[in-house]
Amino acid sequence: MKSMKKIVVLGSSNMDLVFSVEEMPRTGETIKSRGFHKVPGGKGANQACACGKLGGECTFLSAVGEDDSGKRLLESLEKAGVHTDKVLKKENDTTGMAAIMVAVSGDNSIVIVPGANQACDREYVESNMDVIEEADVVLTQFETPKEGVFKCIQEAKAAGKTVILNPAPAPDAIPKEILQGLDYLTPNETELNRLTGMPVETIEELEKASKVLLAMGVKNVIVTLGKRGALLSNVAGSRICPAFTHLKVVDTTAAGDTFNAGLAVGLAEGRCLEEAICLANAAAAISVTRNGAQTSIPTKEEADELILKMRDK
Ligand code: ATP
Ligand code: RIB
């Protein structure tokens, strides 16, 4: 039995208002939805929930409003086994929200209202330094104020933790001193383009752009490539870690979040990097076959079963 290290996720909590549509509406167009549901989401909460479902020991740092959405979000995380006692409950503020359109193709379009997530700032991070100190792996993104995210990365790095930054949504740039604190940076193709300003169409272009980030101090760049899997780049070079592609795509919302959690749990469990990315690809592949954000995340058993099934083929 492998020993499980502790994971801390710092990030957003949103209630997702999901509209299923045939195709994305064009500018000025009004269309009818094929269906509607309201489900717990937010990049931070999805990543924490996925860490819990995939068997990780995870504490979540976030902020919600004192409303029904906040309650439902905390319930969803607690059901996944995530420690939520440090989540800030912000009086007189509403829980973050996301309006999501999901097309029949599985593609999505998202607009967020940050709400209480704005309270997840540098001060909040400073008041939870003990949680970061107790952790082994720290995972964060950019849906909460970047000053808090940067503080978390700096402190985690100084304390020798394994630091993963999922740069979503991507800022125009990340300061060099922050990049130097990262063990893993996990952009998708659009985020890589935004961070480097470089083309990302071909594998050669993806490698070149990843190398720029490596030269700035990131130890490993893992670019998620949808159905093509992920491109890992580090001092040893670049290689593709293939996706599990035989499954039917229903809704890709939270695929990236599930991937990041799979990586964090794999590393926390002591799997080697390639095996951790394999777990990430398997968990994310299952998530795209199901609707919603947290509702789509598989368990550790489901992800491991998929890995074994594909190995036996
Ligand atoms: P999203 O914003 O929809 O959550 P993303 O753009 O952050 O996703 P992607 O690169 O699209 O991230 O997907 C993340 C991971 O999910 C991929 O690296 C892959 O492992 C898995 N994945 C995504 N789409 C598919 C697919 N069609 N088939 C199998 N796996 C997929
Ligand atoms: O990554 C998916 C998430 O992005 C959704 O759950 C939505 O809340 C937005 O934050």
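Cut-offs used in this document
Residues numbered from 1 in each chain as written. Chains lettered and ligands numbered in written order. Predicted model: local features only at pLDDT ≥ 70, side-chain atom pairs only at ≥ 80, totals over all residues. Heavy atoms only, no water. Buried < 20%, exposed > 50% of the residue type's maximum accessible area, 1.4 Å probe, protein only. Helix = DSSP H or I, 4+ residues; strand = E, 2+ residues; numbered from the N terminus. Pairing = 2+ DSSP bridges. Right-handed = clockwise from strand over helix to strand, strands pointing away. Near = heavy atom within 4 Å. Polar contact = N/O pair within 3.5 Å; in protein donor to acceptor, adjacent residues only side chain to side chain. 1 Å grid on protein atoms, 1.4 Å probe; cavity = no way out; pocket = protein on both sides within 12 Å on 5 of 7 lines; lining within 4 Å. Sits in = over half its atoms within 2 Å of the grid points. Nonpolar A, V, L, I, M, F, W, Y, C, P; charged D, E, K, R; others polar. Areas by Shrake-Rupley, 256 points an atom, 1.4 Å probe, with all protein chains shown as cover. Phe/Tyr/Trp six-rings, centres within 6.5 Å; stacked < 30°, edge-to-face > 60°. Core = buried A, V, L, I, M, F, W, Y, C linked by side-chain atoms within 4.5 Å. Contact = heavy atoms within 4.5 Å. Salt bridge = Lys/Arg side-chain N within 4 Å of Asp/Glu carboxyl O. Axes fitted to C-alpha atoms, helices over the stretch in contact; angles between N-to-C directions. Parallel < 35°, antiparallel > 145°, perpendicular 65-115°, else oblique. Left-handed = near helix turned anticlockwise from the far one by under 90°.

Considerations on the pairing of strand 9 (residues 137-140)
With burial as the criterion, each face of strand 9 is covered, one bearing V137 and L139 and the other bearing V138 and T140. Relative to strand 9, strand 1 (residues 6-10) runs parallel, the two sharing four bridges. Residue pairing across strands places L10 opposite T140, the latter belonging to strand 9. Pairing of strand 9 with strand 10 (residues 162-165), which is carried by four bridges, proceeds in the parallel orientation. Residue V137 lies in a different strand from strand 10, and its bridge partner there is T162. Each parallel crossover has a hand, and the one from strand 9 via helix 5 (residues 146-158) to strand 10 is right-handed.

Digging into the site of ligand 1
Around ligand 1 lies a shell of 19 residues, among which N188, G226, G229, T252 and N281 are the nearest. At 2.9 Å, a backbone N or O of T252 approaches an oxygen atom of ligand 1. Judged by its atoms lying within 2 Å of the grid points, ligand 1 is housed in the largest pocket. Every element with two or more residues in the shell around ligand 1 is listed here: helix 9 (255-268) and helix 10 (273-287). Across the shell around ligand 1, the residue classes break down as 10 nonpolar, eight polar and one charged.

Here we look at the site of ligand 2
Neighbouring ligand 2 are 13 residues, the closest being D16, G42, K43, E143 and D257. Interatomic distance of 2.7 Å between a side-chain N/O atom of D257 and an oxygen atom of ligand 2. Here ligand 2, which alone exposes 280 Å², has 96% of that area covered by the protein. Taking a 2 Å distance to the grid points as the criterion, the majority of the atoms of ligand 2 fall inside the largest pocket. A class-by-class count of the residues in the shell around ligand 2 yields five nonpolar, four polar and four charged.

Some details on the packing of aromatic side chains
This model, assessed by the stated rule, comprises two aromatic pairs. Note on F19 and F36: the rings are 5.1 Å apart at their centroids and 50° apart in plane angle, and the pair reads as tilted. Note that F19 is positioned in strand 2 (residues 14-21) and F36 in strand 3 (residues 35-41), a separation of 17 residues in sequence. Their ring planes at 90° and their centres at 6.0 Å tell us that F142 and F150 sit as a pair that is edge-to-face. With a relative accessible area of 11%, F142 lands in the buried category.

Notes on the nonpolar core
Core analysis: the biggest nonpolar cluster contains 48 residues, and I7, C51, I222, L263 and I277 have the highest contact counts within it. The biggest single contributor to this core is helix 10, with 11 residues. Other than its neighbours up to four places away in sequence, I7 contacts C51, G56, E57, C58, T59, V137, A264, V265 and A268. If you look at the next biggest cluster of nonpolar residues, it comprises 38 residues, including M129, I132, V163 and L206.

Points about the pattern of salt bridges
Enumeration according to the criterion identifies 16 salt bridges in this entry. The salt bridge involving E147 is made with K146; its shortest N-O contact spans 3.9 Å. Here E147 falls in the partly exposed class, since its relative accessible area comes to 44%. Overall, K146 belongs to the partly exposed group, its relative accessible area being 43%.

Comments concerning the side chain of N128
Along the chain, N128 turns up in the loop between helix 3 (122-126) and helix 4 (129-134). The buried category is assigned to N128, whose relative accessible area is 5%.

Focus: the packing of helix 1 (residues 43-53) against helix 9
Packing of helix 1 against helix 9 brings their axes to within 8 Å, and their N-to-C directions diverge by 45°. Between helix 1 and helix 9, the interaxial angle falls into the category oblique. In this structure, helix 1 crosses over helix 9, and the sense of that crossing is right-handed. Across the interface between the two elements, K43, N46, Q47, A50 and C51 from helix 1 touch D257, T258, N260, A261, A264 and V265 from helix 9. Among the residues forming the contact of helix 1 with helix 9, the class breakdown is five nonpolar, four polar and two charged.

Function cannot be inferred from these measures alone, as they are strictly geometric.
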